[in-house]
Amino acid sequence: MVEVEIIGGAAFPKNSLTKAYANPEANKYTVEFKDGTVLVFPEQPYEREAEAKVTLEGRIDFYGFADAEIIDTPKNDVYRLLGCSNVLVKADDAIDSDWIQVTDRRLSTGEIQKSHNNRICLNKNDIYIGPNAENIEVELKDTDINV
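Right, let's walk through the structure included here.

Its volume calculated, the largest pocket comes out at about 270 Å³. Forming the boundary of the largest pocket are 16 residues, of which V2, P13, N15, K53 and V54 lie nearest the centre. The set of elements that each furnish at least two residues to the lining of the largest pocket consists of β2 (10–13) and β6 (51–54). Across the lining of the largest pocket, the residue classes break down as nine nonpolar, four polar and three charged.

Encoded structure:
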């Protein structure tokens with residue numbers, strides 16, 4: 001069983017983190033995963049059921065986060081955003097091959113939590129997979145998308 005740590009209203013696998021701290025002036029929390037991925041976010045409301053999970057393959061799944069920022073590593077990363085809103089993914093700072101998927105999710109109440117208003121900044125080698133092409137807006141040299 002994975003030990004879970006609650007930080008800023010969100011659940012994280014304790015064994016996957018290197019550090020976590022609060023920034024009271026900005027009303028935000030910063031979490032750094034062992035792979036180097038950084039997540040910055042405000043207090044998450046309980047009803048969003050925000051959590052992050054790391055798979056055995058190293059993929060990080062972000063469930064229900066709102067108003068967050070994900071900063072990737074210089075290595076090839078795989079991120080899934082499930083039911084996230086107003087999340088910025090900065091995956092364009094390195095020449096690597098990241099894989100980012102955005103989709104909706106089902107909450108414990110049975111309600112569907114939609115992913116919307118997310119911004120994904122990609123480099124030319126990155127791959128984005130979304131629910132449908134209608135939600136994609138390409139900007140800035142065909143590397144950044146709003147979903």
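Relative to strand β10 (residues 88–91), strand β8 (residues 69–71) runs parallel, the two being bridged by three bridges. Residue pairing for β10: E69 is matched across the bridge by L88.

A few words now on the environment of L39. Mapped onto the elements of the fold, L39 is located in strand β5 (residues 38–41). Using a relative accessible area of 0% as the deciding quantity, one classes L39 as buried. Remark: the alpha-carbon pair of L39 and A68, spanning 29 residues in sequence, is separated by 7.0 Å. What L39 contacts, discounting residues up to four positions off in sequence, is F12, Y29, T30, V31, F33, F62, F65, A68, E69 and I70.

A word on the packing of aromatic side chains. Between two aromatic rings, the relevant description is the distance of the centres plus the angle of the planes. For the coordinates displayed, the defined rule picks out eight aromatic pairs. Centre to centre, the rings of F12 and F65 are 6.0 Å apart; their planes meet at 45°, and the pair counts as tilted. Residue F12 is located in strand β2, and its partner F65 is located in the loop between β7 (60–63) and β8; the two are separated by 53 residues in the primary sequence. With a centroid separation of 5.5 Å and 75° between ring planes, the pair formed by F41 and F65 is classed as edge-to-face. Of this pair, F41 sits in strand β5 while F65 sits in the loop between β7 and β8, and the two are 24 residues apart along the sequence.

Criteria and thresholds
- Residues numbered from 1 in each chain as written.
- Predicted model: local features only at pLDDT ≥ 70, side-chain atom pairs only at ≥ 80, totals over all residues.
- Heavy atoms only, no water.
- 1 Å grid on protein atoms, 1.4 Å probe; cavity = no way out; pocket = protein on both sides within 12 Å on 5 of 7 lines; lining within 4 Å.
- Points joined across faces, edges and corners; volume = space filled by probe spheres on them.
- Helix = DSSP H or I, 4+ residues; strand = E, 2+ residues; numbered from the N terminus.
- Nonpolar A, V, L, I, M, F, W, Y, C, P; charged D, E, K, R; others polar.
- Pairing = 2+ DSSP bridges.
- Buried < 20%, exposed > 50% of the residue type's maximum accessible area, 1.4 Å probe, protein only.
- Contact = heavy atoms within 4.5 Å.
- Phe/Tyr/Trp six-rings, centres within 6.5 Å; stacked < 30°, edge-to-face > 60°.

The values are spatial; any link to function lies outside them.
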